[in-house]
Amino acid sequence: MPMIAGFAGFAALLVVVAFVARRRLAVVTVRGESMVPALRPGDRLLVLRGKAVRRGQVVVLEPIGPGMRWRDGPLPEVAAADWVVKRVAALPGEPVPPQCPGLPATVPPGKLVVLGDGEVSADSRLWGLVPADRVLGVVLRTLVSTS
């Protein structure tokens, strides 16, 4: 009988861990070549949701909507969106990089500047400042690489 109780406790722990992991972790596939050479199309990324973002980190964010406008409200489910992968170039209070002319000199609160690593990238140079609440999370590691 004690072995059954131990198994039930272990099974319950596994359920809790799976629930927490599902809420905090996501797997996203890279689409497009804007992050080459660091990331390639088809790479699968492990993303930690809700982590504070730092300059230089690779983040996953919701794509900008029609009319070049950012959505309001909660982020969509992971499987329901084609997520965008970019590197954080500037945080609130930091100077806007020179690659982004036409933006204010300093990043305002609640905004980010993101850039792709590749030669061709739709990013803050095109979109402008990105609302920080459109970030799904920070890339922890590449799970599957296509290179």
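Residues numbered from 1 in each chain as written. Predicted model: local features only at pLDDT ≥ 70, side-chain atom pairs only at ≥ 80, totals over all residues. Heavy atoms only, no water.

Overview of the sheet that holds strand β3 (residues 58-61)
Pairing between the strands of a sheet is mediated by backbone hydrogen bonds and can be parallel or antiparallel.
Then, in step 1: Taken in spatial order, the 7 strands line up as β1-β2-β7-β3-β4-β5-β6 in an open sheet, and their pairing is antiparallel. Either end of the sheet is taken by a strand with one partner, and the two such strands are β1 (25-29) and β6 (130-131).
Then, in step 2: Judged from the 5 bridges that link them, β1 and strand β2 (residues 44-49) form a sheet pairing that is antiparallel. Within β2, the residue paired with Val-28 across the bridge is Leu-45. (Pairing = 2+ DSSP bridges. Helix = DSSP H or I, 4+ residues; strand = E, 2+ residues; numbered from the N terminus.)

Examining the pattern of salt bridges
Then, in step 1: Evaluated as defined, the whole model comprises 7 salt bridges.
Then, in step 2: The closest approach of N and O atoms between Glu-62 and Arg-134, which form a salt bridge, is 2.5 Å. Remark: Arg-134 occurs in the loop between β6 and β7 (135-144) and Glu-62 occurs in the loop between β3 and β4 (84-90); sequence separation between them is 72 residues. Each member of the pair, Glu-62 together with Arg-134, is buried.
Then, in step 3: When the shortest N-O distance is used, the salt bridge between Arg-125 and Asp-123 registers 2.5 Å.
Then, in step 4: When its relative accessible area of 40% is taken as the criterion, Arg-125 is described as partly exposed.
Then, in step 5: On the basis of relative accessible area, Asp-123 is assigned to the buried category, the value being 0%.
Then, in step 6: A single salt-bridge network, built from bridges that share partners, covers Glu-62, Arg-71, Asp-133 and Arg-134. (Salt bridge = Lys/Arg side-chain N within 4 Å of Asp/Glu carboxyl O. Buried < 20%, exposed > 50% of the residue type's maximum accessible area, 1.4 Å probe, protein only.)

Points about the side chain of Lys-86
Then, in step 1: Within the secondary structure, Lys-86 is located in strand β4.
Then, in step 2: Put simply, Lys-86 is tucked away with no salt bridge, and the nearest opposite charge, on Asp-123, sits 5.2 Å away.
Then, in step 3: At 2.8 Å, the side chain of Lys-86 and the side chain of Ser-34 are in polar contact.
Then, in step 4: Within polar-contact distance, the side chain of Lys-86 engages the side chain of Ser-121 at 2.9 Å. (Lys, Arg positive; Asp, Glu negative; His and termini not counted. Polar contact = N/O pair within 3.5 Å; in protein donor to acceptor, adjacent residues only side chain to side chain.)

A look at a nonpolar patch on the surface
Then, in step 1: Together, Val-27, Leu-143 and Val-144 make up an exposed nonpolar region whose accessible area comes to about 220 Å².
Then, in step 2: Mapped onto the elements, Val-144 comes out in strand β7. (Patch = residues over 30% accessible without salt bridge, like charges linked within 9 Å, V, L, I, M, F, W, Y side chains within 5 Å. Areas by Shrake-Rupley, 256 points an atom, 1.4 Å probe, with all protein chains shown as cover.)

Structural notes on unusual backbone geometry
What is expected of a backbone is that most residues other than glycine have negative phi and most peptide bonds are trans.
Then, in step 1: Put simply, Val-36 and Pro-37 share a cis peptide bond, and its omega is 15°.
Then, in step 2: Even without being a glycine, Met-68 presents a positive backbone phi close to 55°.
Then, in step 3: Following the sequence through the fold, Met-68 ends up in the loop between β3 and β4.
Then, in step 4: With relative accessibility at 44%, the residue Met-68 sits in the partly exposed group.

The values reported here are purely geometric and, on their own, carry no functional implication.
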